[in-house]
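Here's the letter readout for the chains.
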Amino acid sequence: MELIVNGERYQLEVDPERLLLFVLRNELDLTGAKYGCGEQQCGACTVLVDGMPQRSCVMPVGRVAGREITTIEGLADGDRLHPVQQAFLEHDAMQCGYCTPGMILESVALLRKNPSPRPAQIKEALEGHVCRCGVYNRIVAAVEMATQTITSDAKQHGHS
């Protein structure tokens, strides 16, 4: 089957029922998505499929063949971090980092859908993500900062 991950095409011979998380981690060496609970409850395994957040720990790889998959490794533009990634760094919105890839990808999807979310909307979008270190306030602040950066960038490039 063909997987399109971070803009690259991969031909893989894998059982279509195998879970996407393990194909990403073991076959493609993309280890950003983490195994947390295995029951789509913690968000550590979140990736984007056609731009929508999906829990890769329960997603059979056969269901995403030929669809655009984005992992945390594919979010930056070369050496330039995505504004959400940069904001997480600037706000120290991570400690152990285990939840961070899922939090960032969920936030990216939120900002694509709603470029100016209120804090309550950010919290609602991230509700299904568990941060065992408890840096939720810094995560919300980082997403708010990224919102401002993305809005500012859009205005500079003539997109409103």
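Residues numbered from 1 in each chain as written. Predicted model: local features only at pLDDT ≥ 70, side-chain atom pairs only at ≥ 80, totals over all residues. Heavy atoms only, no water.

(A) View of helix α2 (residues 83-90). Of all the residues in α2, the buried ones are Pro83, Val84, Gln85, Ala87 and Phe88. Positioned one or two residues after α2, Asp92 has a phi angle of 45°, which is positive. (Buried < 20%, exposed > 50% of the residue type's maximum accessible area, 1.4 Å probe, protein only. Helix = DSSP H or I, 4+ residues; strand = E, 2+ residues; numbered from the N terminus.)

(B) Inspection of the sheet that holds strand β4 (residues 52-55) at higher detail. Overall, mixed pairing links the five strands, which are arranged β2-β1-β5-β3-β4 in an open sheet. Edge positions in the open sheet fall to β2 (8-11) and β4, since each of these has one partner strand only. If you compare each strand with its neighbour and ignore which way they point, the axes differ by 35° on average. Taken together, the four bridges between strand β1 (residues 2-5) and β2 define a ladder with antiparallel strand orientation. Considered in β2, the bridge of Ile4 is made with Arg9. Helix-sheet contacts for helix α3 (residues 100-113) involve β3 (46-49), β4 and β5 (68-70), and the interaxial angle to β3 is about 35°. (Pairing = 2+ DSSP bridges. Axes fitted to C-alpha atoms, helices over the stretch in contact; angles between N-to-C directions. Contact = heavy atoms within 4.5 Å.)

(C) Fine view of the packing of α2 against α3. Two elements in contact, α2 and α3, have axes whose closest approach is 9 Å; the angle formed by their N-to-C orientations is 130°. Here α2 lies oblique to α3, going by the angle between them. Of the two possible hands of crossing, α2 and α3 adopt the one that is right-handed. Each of Val84, Gln85 and Phe88 in α2 lies in contact with α3, whose residues at this interface are Thr100, Met103, Ile104, Ser107, Val108 and Leu111. By residue class, the composition of the contact of α2 with α3 is six nonpolar, three polar and no charged. (Parallel < 35°, antiparallel > 145°, perpendicular 65-115°, else oblique. Left-handed = near helix turned anticlockwise from the far one by under 90°. Nonpolar A, V, L, I, M, F, W, Y, C, P; charged D, E, K, R; others polar.)

(D) Layout of the pattern of salt bridges. Under the defined criterion, the tally for this structure stands at four salt bridges. Residue Glu2 is joined to Arg9 by a salt bridge in which the shortest nitrogen-to-oxygen separation is 2.8 Å. When the shortest N-O distance is used, the salt bridge between Arg18 and Glu27 registers 2.3 Å. In this structure Arg18 comes out as partly exposed when scored by relative accessible area, which is 28%. The partly exposed category is assigned to Glu27, whose relative accessible area is 38%. (Salt bridge = Lys/Arg side-chain N within 4 Å of Asp/Glu carboxyl O.)

(E) Spatial organisation of the nonpolar core. Val84, Phe88, Met103, Ile104 and Ile139 are the most contacted members of the largest nonpolar core, which totals 24 residues. Elements with a contribution of two residues or more to this core: α2, α3 and α5 (136-156). If one sorts the elements of this core by residue count, α3 sits on top with seven residues. In this structure, Val5, Leu21, Ala33 and Cys57 belong to the second largest nonpolar core, which totals 19 residues. (Core = buried A, V, L, I, M, F, W, Y, C linked by side-chain atoms within 4.5 Å.)

(F) Geometry of the environment of Val49. Locating Val49 in the fold gives a position in strand β3. With residues up to four places along the chain from it excluded, the contact list for Val49 reads Gln54, Val64, Arg67, Glu68 and Ile69.

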